[in-house]
Amino acid sequence: MSRGRNMSNIVDITLENFQQVLLEKSKQTLVMVQFWADWCESCKQLSPSLVSVAAQYPNDLIFARVNCDEQQQIAMQFGVKSLPTVAIMKDGQPIDGFAGVQPESEILALLQKHLPKEQDAWYASAVEFAQQNNWLDAYPLFKKAFEAEQSRMEFLFGFTNASIELGKLEDAQTLLDSVLIVNQDSTYNQLIAKLDLASNAADSPEIVKLQAELANEPESFQLKQQLALAFSQVNRNEEALDLLYEILKSDMSFGEAKKYYLDIVSNLASGDELASKYRRKLYTLMY
């Protein structure tokens, strides 16, 4: 049986490294353990598939091999009754496995249930950005993770939180409205309260005053520009862009309207649909 020592995620288990690999490393990385013996023909049939699978996940999987003739104590501890046997370990415990020869496709399907998913990596990165109050970078990652697996409450709550931070209050409300009663935990209640505060802040006295003045002078470009700036300060970006677009349709050179318009668009989160929508609208006016 080939030892495959050139692959960094393949290791042969002995009493000396048993605890380090099967107990300690399995707390950070999924471990696939093969119990085999030189005399076992089925083991030799299965081994190439396991090596191939290990090669596909060099960073997310450790392939640990136990020679049951040489390491009988370890095999007995796992209660191995037949060869080949494969155990999947996580957090120091067997969580899945199989006995006998399985095709590579079946082994991959089994591992997919336990290996980290792409959306988990997106979510983890989004959380890091959020902890730095970098919501522009956190938002698209929370969104991608949620769209990939909408049943995960941590994804939905992360996306909701980012939406509130960026002033996408209607989107946040829609997300929270979709949460079933069984999932309305303390995080849900915190987000409800945060959304309520954000909604109240979005209607500041300054905005209310400017809206009243604009209602009396609906053609005033100056008031529209001032209200657009006030909207942008509380992340009501679509309303701000609509007002600035109204100005630019009539006068491309009025005040700072074009500059403010471009500043708002450029400061939207990566992947925000508003950015592409309002870039196209401005492009239409200019060309």
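Each value, and the rule that gives it
Residues numbered from 1 in each chain as written. Predicted model: local features only at pLDDT ≥ 70, side-chain atom pairs only at ≥ 80, totals over all residues. Heavy atoms only, no water. pLDDT = per-residue confidence, 0-100. Helix = DSSP H or I, 4+ residues; strand = E, 2+ residues; numbered from the N terminus. Contact = heavy atoms within 4.5 Å. Buried < 20%, exposed > 50% of the residue type's maximum accessible area, 1.4 Å probe, protein only. Pairing = 2+ DSSP bridges. Axes fitted to C-alpha atoms, helices over the stretch in contact; angles between N-to-C directions. Parallel < 35°, antiparallel > 145°, perpendicular 65-115°, else oblique. Left-handed = near helix turned anticlockwise from the far one by under 90°. Nonpolar A, V, L, I, M, F, W, Y, C, P; charged D, E, K, R; others polar.

Turning to the confidence of the model for the chain, a few remarks are in order. Per-residue confidence for the chain gives a mean pLDDT of 92; residues scoring 70 or more make up 98%. The element-level mean pLDDT for the chain is lowest in helix α1 (residues 18-24), coming to 90, with strand β2 (residues 30-36) highest at 97. In this model residues 1-6 is a low-confidence stretch, pLDDT under 50, and it forms 14 contacts with partners more than four residues away in sequence or in other chains.

Among the seven residues that make up β2, seven are buried, leaving the element largely enclosed by the rest of the structure. The alternating pattern of β2 places Leu30, Met32, Gln34 and Trp36 and Val31, Val33 and Phe35 on opposite faces, both of which are buried. Relative to strand β3 (residues 61-67), β2 runs parallel, the two sharing seven bridges. In the sheet register, valine 31 faces β3, and the bridge partner there is isoleucine 62. The sheet contact formed by β2 and strand β4 (residues 85-90) spans five bridges and is antiparallel. Across the sheet, glutamine 34 pairs through a bridge with valine 86, a residue of β4.

We now examine the packing of helix α11 (residues 221-233) against helix α12 (residues 237-250). Contact geometry for α11 and α12: axes closest at 8 Å, N-to-C directions at 155°. The angle between α11 and α12 falls in the class roughly antiparallel. For the element pair α11 and α12, the recorded crossing hand is left-handed. Contact with α11, carried on its side by Phe221, Lys224, Gln225, Leu227, Ala228, Phe231 and Ser232, involves Asn237, Glu239, Ala240, Leu243, Leu244, Glu246, Ile247 and Ser250 of α12 and no other residues of that element. Across the contact of α11 with α12, the residue classes tally to eight nonpolar, four polar and three charged.

Let's shift gears to the environment of leucine 223. Position of leucine 223 among the secondary structure elements: in helix α11. On the basis of relative accessible area, leucine 223 is assigned to the buried category, the value being 9%. Each C-alpha atom of the pair leucine 223 and leucine 243 lies 9.6 Å from the other, and the pair is 20 residues apart in sequence. Excluding residues that lie within four positions of it along the chain, leucine 223 makes contacts with Leu210, Glu213, Leu214 and Glu217.

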